Amino acid sequence: MRNGETISIGSIPSLSFNEFRHEVLSDLQPGGRLATIFSLPLPNGRHRLVVVSLDGKEGVLRPCSTEISQRYPSLTADSPQFHLFERELAEQWGLHPVNHPWLKPVRFHPPYAPVPTIFSEDGAVPIPGRMPFFQVHGEEIHEVAVGPVHAGIIEPGHFRFQCHGEKVLHLEISLGYQHRGIERRLTGGPDRRTIHYMETAAGDTTVGHATAHCELVESLAGVEAPLRAQALRAVALELERLANHTGDLGALAGDVGFLPTASYCGRLRGDFLNLTALLCGNRFGRGLVIPGGTGFDVDAAIVSELMDRLNRTLADVKNAVDLLWSTPSVMGRFEDTGTLTRDHARRLGLVGVAARACGLERDVRFECPSGLFRFAHIPVSTYSSGDVFARAHVRWLEIERSARFIREQLQSLPEGPVQVPLTPFKSNTLAVSLIEGWRGEICHSAMTDDQGRFARYKIVDPSFHNWTGLALAMRNQQISDFPLCNKSFNLSYCGHDL
Amino acid sequence: MLKIIAARFRQGFRTAPYPKTAPSLPDRFRGKPIIDSSRCPDDCRRCVEACPTEALRKTGDSLQMDLGRCLFCADCEKICPSHAVSFSKDHRLAVRSRKDLILTGEPLRLADALDGKMRRLFGRSLKLRQVSAGGCNACEADVNVLNTLVFDLGRFGIQFVASPRHADGLLITGPVTQNMDLALRKTFEALPSPAVVIAVGSCAISGGPFIGHPEIAGCPEKNIPIDLFIPGCPPHPYTILDGLLRLLDRLESSSKK
């Protein structure tokens, strides 16, 4: 199936476990990656495990399913991409992946179904962050624990470092503090809160998650948003990228103590957010992307103001960011810090900026475009060194290219309405929708029941794939470089915890 | 070096003239709601039914809105046939007491300044510890942005610090998840007293879109007395700044009203 298409549940290949294992692993072999995994309880007490893998070269999604009981053989040893997904299934449904190398909770919540949690003898849900961490033993080895409450104004998470002096031998990341129960609550929907869950799944990616959701429900309803709405959504998605990439470049400058760029980019990020507010009144795009189209239209005056302010802001960003590349003390800290190899990125199934900075051409706007990106293209920005510099540089390339894209779209906005009414959803159907948010690919998928309601709604934020990449990038780094490495990934805590 | 100096000239002076002049907000900005129950058609409950967070209530003929629950999505305004609910461009929303967030037809009772001793202690220097307890990173981002040169929070003597031990107060965002409940309480307990507590965003005030979820421990007011409520989803940075300045009595009387 293609991005944004639906198939009936009956036509998802349903295989024996061995066939399933072979099929899924061979889908991942030539550089394919996992888009999503979820399971659905069956009336017979067993579970239907659905895996959707993405073949970027062909631009196709390959769904595949099998029936499993409470215990099934883990696939994590075959491909580390399964690691967190299997832990998630264990936590949500008490499904035990036998021989999983590192089976622990992900979000520290009680199971969705009335089954005992598999993480404790007495059935109590473990306290967040309280679990045996991977430990290194030896003379002069010490452990550093950071979080959940951090020093800055950021979301909570726990980081456990195993260090030898300044050098980090291993980092384990334990999240779940932000868990708000979004996915559990989406079952049986949609309802009047659904779009607001999407807008706050990761609030800094409001447009990305809302667009993924809206394209998903539109495919379930069998309607397409008007072209003008698709163009406005694409403009808003790229504005979101501009704001966040600019903010990240400023924060990276701040983390190496280079205050001019840090200071300018802080302001410029806000200027981009204000452009989104020009469209819909809210700096994060709340209310802009709605099922069936967009909540707001634009007129010639708004377009011309948007264009004018975009050009001015972009010129200032270029000026501020150029300082980074021409300052040796900045480059000295960016280069060869937090390096990930291309092979690691591929095996972990990394996405977004982190993957492109390792030279992988992973960008769903290019690989399996939906919405306006089917007609208007943005070149994929990659760099090969896999270090902090590469992640900064890819961001800068994307800022230039997204700005050019926005200008082109604003000059040729399609005419017509911005909303169509939604019709009832197809029943017993699987829909998958992928959007390249500013962090990477956002995957929403849903299976409907007999009445066309959500029997299961699954959200995969790009951060879910990428946190392990950060942990690996920290190996053999100075612990004092953690803020810099962390910022170069800038992953979402709430997008992971949902 | 010369390049850095040239860039400094180019980037210019960008701190907004606020609070001397009113902030510039986008035309489509949704600020303080205006409720006029007299316009409601008989037996109409459309807005109440459309509201995602049950912020609107209708008893008899009178409509009231809980700003602490409101997401400012304007679903109520869109569905209302008679313009009984609308959103103004007024960004000033901060109040001192939870019940002041219940909006009827009356004007909103905006936050008063801290009294006597507290104002003497914190009026010219307030160090805050921020804790995100399930926040979606929108409130966090728009609190953080106050540190940028546009708002330049430092000029008002307000600063975010890295430890509760160094802080005069706590600024909470997020609906307070079960998984952050303990960490939030421990942070509060680590503050020297007296301390100021500020709840930013509808999540921190009421749970926001997550009201009623068992994964949410709920409004921290049960355990932690809150001195300032700043509603919004997320509140605009100027809404937050206005609230902080009101609390410290740092607004000129002209921009206070």
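Keep in mind that this is a model prediction, so the values were computed, not measured. (Residues numbered from 1 in each chain as written. Chains lettered and ligands numbered in written order. Predicted model: local features only at pLDDT ≥ 70, side-chain atom pairs only at ≥ 80, totals over all residues. Heavy atoms only, no water.)

Caption draft 1: Region of interest: the overall build of chain A. What chain A contains, in helices and strands, is 16 helices and 15 strands. The C-alpha radius of gyration of chain A comes to 22 Å, within 12% of the 23 Å expected for a compact globule of 498 residues. With respect to the three principal axes, the spread of C-alpha positions in chain A is 65 × 60 × 40 Å. Here chain A, with 498 residues, has 65% of them falling under the buried criterion. Considering only intrachain contacts with a sequence separation of at least 6, the fraction spanning at least 24 residues in chain A is 68%. Entry remark: accessible area of chain A is about 16600 Å², with carbon and sulfur atoms responsible for 52%. With 49 positive and 55 negative side-chain charges, chain A shows a separation of 2 Å between the mean positions of the two kinds. (Helix = DSSP H or I, 4+ residues; strand = E, 2+ residues; numbered from the N terminus. Rg over C-alpha atoms; globule rule 2.2 N^0.38 Å. Buried < 20%, exposed > 50% of the residue type's maximum accessible area, 1.4 Å probe, protein only. Contact = heavy atoms within 4.5 Å. Areas by Shrake-Rupley, 256 points an atom, 1.4 Å probe, with all protein chains shown as cover. Lys, Arg positive; Asp, Glu negative; His and termini not counted. Charge placed at Lys NZ, Arg CZ, Asp CG, Glu CD.)

Caption draft 2: Structural view of the overall build of chain B. What chain B contains, in helices and strands, is 9 helices and 10 strands. Each principal axis of the C-alpha atoms in chain B carries an extent, and together these give about 70 × 45 × 40 Å. Counting all 257 residues of chain B, 61% fall into the buried class. Across chain B, the fraction of contacts at a sequence separation of at least 24, relative to all contacts at a separation of at least 6, is 77%. For chain B, the exposed area adds up to about 11000 Å²; of that, 51% sits on carbon and sulfur atoms. Seen as two clouds, the 36 positive and the 27 negative side-chain charges of chain B have centres 8 Å apart.

Caption draft 3: Just the pairing of strand β2 (residues 56-59) of chain B, in detail. Side chains L56 and K58 of chain B project from β2 of chain B onto a buried face, and the interleaved R57 and T59 of chain B project onto a face without burial. In sequence, β2 of chain B turns back onto strand β3 (residues 62-66) of chain B through a hairpin of 2 residues, with G60 of chain B there showing a positive phi of about 65°. (Pairing = 2+ DSSP bridges.)

Caption draft 4: The confidence of the model for chain B, seen in detail. Mean pLDDT over chain B stands at 91; residues scoring 70 or higher make up 97%. Our summary of model confidence lists the complex with pTM equal to 0.95 and ipTM equal to 0.94. (pLDDT = per-residue confidence, 0-100.)

Caption draft 5: Representation of the environment of S488 of chain A in the model. Residue and element names in this part refer to chain A. Topologically, S488 is positioned in helix α15 (residues 482-489). A relative accessible area of 1% means that S488 is categorised as buried. The residues touching S488, leaving out its near neighbours within four places in the chain, are L252, V388, R391 and R395.

Caption draft 6: Spotlight on the pairing of strand β10 (residues 167-174) of chain A. Residue and element names in this part refer to chain A. Judged by how many residues are buried, β10 sits mostly within the fold: 6 of 8 residues are covered. The pairing of strand β9 (residues 158-164) with β10 spans 7 bridges and is classified as antiparallel. Bridge assignment links F161 to a residue of β10, and that residue is L171. Two successive antiparallel strands, β9 and β10, enclose a turn made up of 2 residues, where G165 displays a positive phi of approximately 60°.

Caption draft 7: Just the sheet that holds β9 of chain A, in detail. All names here are of chain A. Spatially, the 3 strands line up as an open sheet ordered β8-β9-β10, and their pairing is antiparallel. Only two strands of the sheet have a single neighbouring strand rather than two, namely β8 (141-146) and β10. Strand after strand, the sheet turns through a mean of 20° between neighbouring axes, direction not considered. (Axes fitted to C-alpha atoms, helices over the stretch in contact; angles between N-to-C directions.)

Caption draft 8: Representation of the packing of aromatic side chains in the model. Residue and element names in this part refer to chain A. One pass over the full model with this rule turns up 19 aromatic pairs over all chains. Geometrically, the ring pair formed by F161 and F482 is edge-to-face, given 5.0 Å between the ring centres and 75° between the ring planes. You can see F161 sitting in strand β9 and its partner F482 sitting in helix α15, a full 321 residues away along the chain. Each member of the pair, F161 as well as F482, carries the same accessibility label: buried. (Phe/Tyr/Trp six-rings, centres within 6.5 Å; stacked < 30°, edge-to-face > 60°.)

Caption draft 9: Here's a closer look at the layout of surface pockets. Considered as a void within the structure, the largest pocket measures approximately 1500 Å³ in volume. When contributions to the lining of the largest pocket are tallied by element, the ones reaching two or more residues are β9, α6 (227-255), α7 (259-280) and α15 of chain A together with β6 (126-132), α5 (138-144) and β7 (158-160) of chain B. Per element, the largest residue contribution to the lining of the largest pocket is 7 residues, and it comes from α6 of chain A. Here the residues of the lining of the largest pocket sort into 23 nonpolar, 17 polar and 9 charged. Size it by volume and the second largest pocket reaches roughly 830 Å³. (1 Å grid on protein atoms, 1.4 Å probe; cavity = no way out; pocket = protein on both sides within 12 Å on 5 of 7 lines; lining within 4 Å. Points joined across faces, edges and corners; volume = space filled by probe spheres on them. Nonpolar A, V, L, I, M, F, W, Y, C, P; charged D, E, K, R; others polar.)

Caption draft 10: Focus on the pattern of salt bridges. In the structure shown here, the tally under the stated rule is 48 salt bridges over all chains. The partner of D308 of chain A in a salt bridge is R312 of chain A, and the shortest N-O contact between them spans 3.2 Å. Separated by 4 residues within a single helix, D308 of chain A and R312 of chain A lie in helix α8 (residues 300-325), roughly one turn from each other. Between E54 of chain B and R69 of chain B there is a salt bridge, with its nearest N and O atoms 3.7 Å apart. (Salt bridge = Lys/Arg side-chain N within 4 Å of Asp/Glu carboxyl O.)

Caption draft 11: Just the interface of chain B and chain A, in detail. At the junction of the two partners, chain B supplies 61 residues and chain A supplies 60 residues. With both sides pooled, the region where chain B packs onto chain A buries about 4800 Å², and carbon together with sulfur makes up 54% of that total. The largest share of the area that chain B buries against chain A comes from Q11, R28 and N179 of chain B, three residues that together contribute 15% of it. Counting across the chain B and chain A interface gives 6 salt bridges. A salt bridge links E215 of chain B to R184 of chain A, with the nearest nitrogen and oxygen atoms 2.6 Å apart. Put simply, chain B and chain A have 34 residue pairs in polar contact (both at pLDDT 80 or more) between them. (Buried area = accessible area lost by both parts, 1.4 Å probe. Polar contact = N/O pair within 3.5 Å; in protein donor to acceptor, adjacent residues only side chain to side chain.)

Caption draft 12: Region of interest: the domain arrangement of chain A. All names here are of chain A. The domain architecture assigned to chain A consists of domain 1 (6-141) and domain 2 (182-497). Taking only C-alpha atoms, the centre of domain 1 and the centre of domain 2 are 26 Å apart. Taken together, the contacts link 33 residues of domain 1 with 34 residues of domain 2. Where domain 1 meets domain 2, there are 3 salt bridges. Where R33 meets E367, a salt bridge forms, and the shortest distance between an N and an O atom there is 2.8 Å. Taken together, domain 1 and domain 2 are joined by 11 residue pairs in polar contact (both at pLDDT 80 or more). Contributing elements (two or more residues each) for the side of domain 1 that touches domain 2: β1 (6-8), β3 (33-41), β4 (47-55), β5 (60-68) and α2 (83-93). The dominant element in the side of domain 1 that touches domain 2, judged by the number of residues it contributes, is β3, at 8 residues. (Domains from an automatic or database assignment.)

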